[in-house]
Every structure is written in C-alpha cells, then in structure tokens.
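Residues per chain are reported as follows:
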Amino acid sequence: MTEPQSRAGFVGVIGAPNAGKSTLVNALVGQKVAIVSPKAQTTRSRLMGIAIEGATQILLVDTPGIFAPRRRLDRAMVAAAWTGAEDADLTLLVIDAAAGVNAEADRIIRSLGGRQHSLFLALNKIDLVRKEALLALSSTLTERLNPMKVFMLSATTGDGVADLKGALAEAMPSGPWLYPGDELSDATDRMIAAELTREQIVNQLHQELPYATAVETETWEDRSDGSTAIRQQILVERDSQKAIVIGKGGRRLKAIGAAARAEIAEHLGRPVHLLLHVKVNPGWDEDRELYRQIGLEWAD
Ligand SMILES: Nc1nc2c(ncn2[C@@H]2O[C@H](COP(=O)(O)OP(=O)(O)OP(=O)(O)O)[C@@H](O)[C@H]2O)c(=O)[nH]1
Ligand SMILES: [Mg+2]
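Residues numbered from 1 in each chain as written. Chains lettered and ligands numbered in written order. Predicted model: local features only at pLDDT ≥ 70, side-chain atom pairs only at ≥ 80, totals over all residues. Heavy atoms only, no water.

When helices and strands are tallied, the chain shows nine helices and nine strands. For 300 residues, the compact-globule estimate of 2.2 N^0.38 gives 19 Å, and the C-alpha radius of gyration of the chain, at 20 Å, lies within 12% of that figure. Here the C-alpha coordinates of the chain stretch approximately 55 × 50 × 40 Å along the principal axes. Here the analysis covers contacts within the chain between residues at least 6 apart in sequence; of these, 71% occur between residues at least 24 apart. Split by element, the accessible area of the chain, about 14,200 Å² in all, is 48% carbon and sulfur. (Helix = DSSP H or I, 4+ residues; strand = E, 2+ residues; numbered from the N terminus. Rg over C-alpha atoms; globule rule 2.2 N^0.38 Å. Contact = heavy atoms within 4.5 Å. Areas by Shrake-Rupley, 256 points an atom, 1.4 Å probe, with all protein chains shown as cover.)

Written as structure tokens, this is what we have:
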C-alpha cells in the first residue's frame, strides 16, 4: 500500500466582527484555541489553529474582524486580518447568515473583489436562519464573489463543519507538514493564558467593558507539586475603568479570576494559582512593546 501524499497549507479566516470565525476555527481544530464572545472585536491578533484531516495539515489563521479602523489598535487589527488572508493558500470568508451582508461584511466583500485569491465562502449560524433566506443570501454572495465553494454550516452545533474540513484539506497543496503533528496552535501557553483571562473580562463585563483592555502574563512558575503559579496584569486606561474591572468589594475581579483559573487549568491539564492585578496605564494602546507582546504589528 502506498502512503497517501502529505499536504499542508494556510487558510486565512476573515469576516466581519462576531461572524463566528474563532468559533469555527475551534470547531475545525476540535479544541478551543481561540477565545470567543458574543461581543464584536474579540479577536485582536492573528492566531493560528492547526487542524488535521487524514494526511493533511490545515493551518487556520484566525483574524480580527475589524475593517473600519479608527484608533491605532484598530489599524493594527486590520493589518493583521489582511496579512492573514494574503499570506494564505486559500481565503475562507465567514458570513453570519443571521446578520446577512451588514456594513462590515459589505466592506470586506468589496475589498476582496480587488484581490487575487482562492476563496471559500462559509455561511455560518444556519441554526438561526430559515432555509429560504439562506438560499437567497447564498445566491447573492455567489454572484458577487464567485467563490470556489460555498458551505452552509453552524460552528456551534457542528453542522456542516466536517464537510468544510474535508474540502479545505483537498484544497491544500502537497508538501510536508509544517508543524509537529501534536501541535494545535502557534500561541504559547503564556499567550493563551492571557487570552483566557481577557475572554472572561469580555464576557463578564458586557456593556461596561472598557474598550482598551489588555492582559499580560507577567510571571509563570511551574512548581514541583505539579501546579503552576501565574501572575497577570490587566491594563486599562483610566481609574474609572479600574473600578469597573475590580467591582464592588473586589467581587468582579474575583469572579473573573476564578473563571479564568478554571479555563487555564483545563488548558494546561494541571492545577493553577492565578493572581490578577489591575493597572491604569493611560495610552497603553500607544505602547509599541505591548503590541509586540499581544502579537500585533505596530501600524502607523
Ligand atoms: N447560534 C450560533 N451562534 C454562533 C455560531 N458561531 C458562532 N456563534 C456565536 O457568535 C458569537 C461570536 O463568535 P466569535 O467566534 O467570537 O466571532 P468572531 O468572528 O471570531 O468575532 P471577532 O473576533 O470579534 O471578529 C459568539 O457568541 C458565538 O457563540 C453558530 O453557528 N450559531
Ligand atoms: Mg474572533
């Protein structure tokens, strides 16, 4: 019997904020590698999830869903999104089928038109839409974008995800695997731990969430008793925001810490001691060094 030929390639996953890109990357990888929230603009930097299908390694580049930049942080996120798509063998455009072609999706579709690309279109959240509406959306977008393939799926129920994974694998170029077979992402544990804490901040603070919040892992100690002690700093821009994150009597910060600790412990497969503290740093989003730490290129 001959070995099936190995394949490996990059897929740039792009789409409007909240379309479900990170949820879909997690579903394709089969494990949580990217954080997810009901709020727009959850993903900040490019993150790669690695999915295996037979003899194929699919390197999924999850990107921030922001395309109308106002602040420097936004500009860095847009740059990260387009670089993720342009460096890839294939672009996977994720559309929230329940939201349809909103202003952000429209902006992306227009930008894509002018670029050379192999394109797959994924209509996500089909668990929320009626079939007729879905078919109408599919035909409008097929006409506008002329994608190689169209998929209708739900990243949360998993419906249609296996079909997409199989087709992505077939579209990848032949060649050796680019990462070890047991690796699920290109993020370090320190970065993932910081992201898991940020996920709790985003999910627990809802409307009051200060836009410019960042989490940095400061110290990390793997102890001889098998546990890991982690210290993280939450950066906000103003004292009033610090008060929101800490909450009455420190309750909010405690809840964020407890939930993040459980998530990080699950990710690492060992007990975790998590120490969080909040620091006011006006203009942290103008701090070059911090951009490097959260995986973003400085955008002028
Ligand atoms: N009902 C339903 N909800 C979904 C589906 N896929 C994602 N969601 C939800 O949509 C919200 C946004 O998901 P994310 O994966 O964070 O979206 P994203 O495109 O990565 O968003 P940004 O990183 O902000 O650009 C979350 O609340 C998800 O649970 C789906 O197939 N069906
Ligand atoms: Mg995301």
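Our next topic: the side chain of Lys-165. Position of Lys-165 relative to the elements: it lies in helix α5 (residues 161-171). Buried Lys-165, no salt bridge; nearest opposite-charge side chain is Glu-53, N-O distance 4.3 Å. (Buried < 20%, exposed > 50% of the residue type's maximum accessible area, 1.4 Å probe, protein only. Lys, Arg positive; Asp, Glu negative; His and termini not counted. Salt bridge = Lys/Arg side-chain N within 4 Å of Asp/Glu carboxyl O.)

Further remarks concern the nonpolar core. Core analysis: the biggest nonpolar cluster contains 51 residues, and Val-11, Leu-24, Leu-60, Leu-92, Leu-164 and Leu-168 have the highest contact counts within it. For this core, the element with the highest residue contribution is helix α6 (residues 189-205), accounting for seven residues. Among all residues touching Leu-24, those that are not within four sequence positions of it are Leu-92, Val-94, Ala-122, Leu-153, Ala-155, Val-161 and Leu-164. Of all hydrophobic cores here, the second largest spans 32 residues; its members include Val-78, Ala-97, Leu-119 and Tyr-291. (Core = buried A, V, L, I, M, F, W, Y, C linked by side-chain atoms within 4.5 Å.)

Moving on, we get to the coordination of the magnesium ion (ligand 2). Bound to the magnesium ion (ligand 2) are the protein donor atoms Ser-22 (OG) and Thr-43 (OG1), situated 1.9 to 2.2 Å from the metal. One end of the pair, Ser-22, is in helix α1 (residues 21-29); the other, Thr-43, is in the loop between α1 and β2 (47-53), and 21 residues separate them in sequence. Just as Ser-22 is buried, Thr-43 falls in that class too. (Donors = N, O, S within 2.8 Å, 3.2 Å for Na, K, Ca; no water.)

Inspection of the secondary structure assignment puts Gln-241 in helix α7 (residues 239-246). By relative accessible area, Gln-241 is classed as buried at 7%. Along the chain, Gln-241 and Arg-7 lie 234 residues apart, while their C-alpha atoms are 48 Å from each other.

With that settled, consider unusual backbone geometry. Phi at Asn-18 takes a positive value of approximately 75°, unusual for a residue other than glycine. Relative to the assigned elements, Asn-18 resides in the loop between β1 (7-15) and α1. Backbone geometry places Asn-146, a non-glycine residue, at a positive phi of 50°. Take Asn-146: it is sitting in the loop between α4 (131-145) and β6 (149-152). Overall, the relative accessible area of 63% leaves Asn-146 in the exposed class.

Turning next to the site of ligand 1. Looking at ligand 1, there are 24 residues lining it, with Lys-21, Thr-23, Gln-41, Thr-42 and Asp-127 nearest. A distance of 2.7 Å separates an oxygen atom of ligand 1 from a polar atom in the side chain of Lys-21. At a separation of 3.1 Å, an oxygen atom of ligand 1 approaches a polar backbone atom of Gly-65. Isolated, ligand 1 exposes 650 Å² of accessible area, and the fraction of that covered by the protein chains is 89%. (Near = heavy atom within 4 Å. Polar contact = N/O pair within 3.5 Å; in protein donor to acceptor, adjacent residues only side chain to side chain.)

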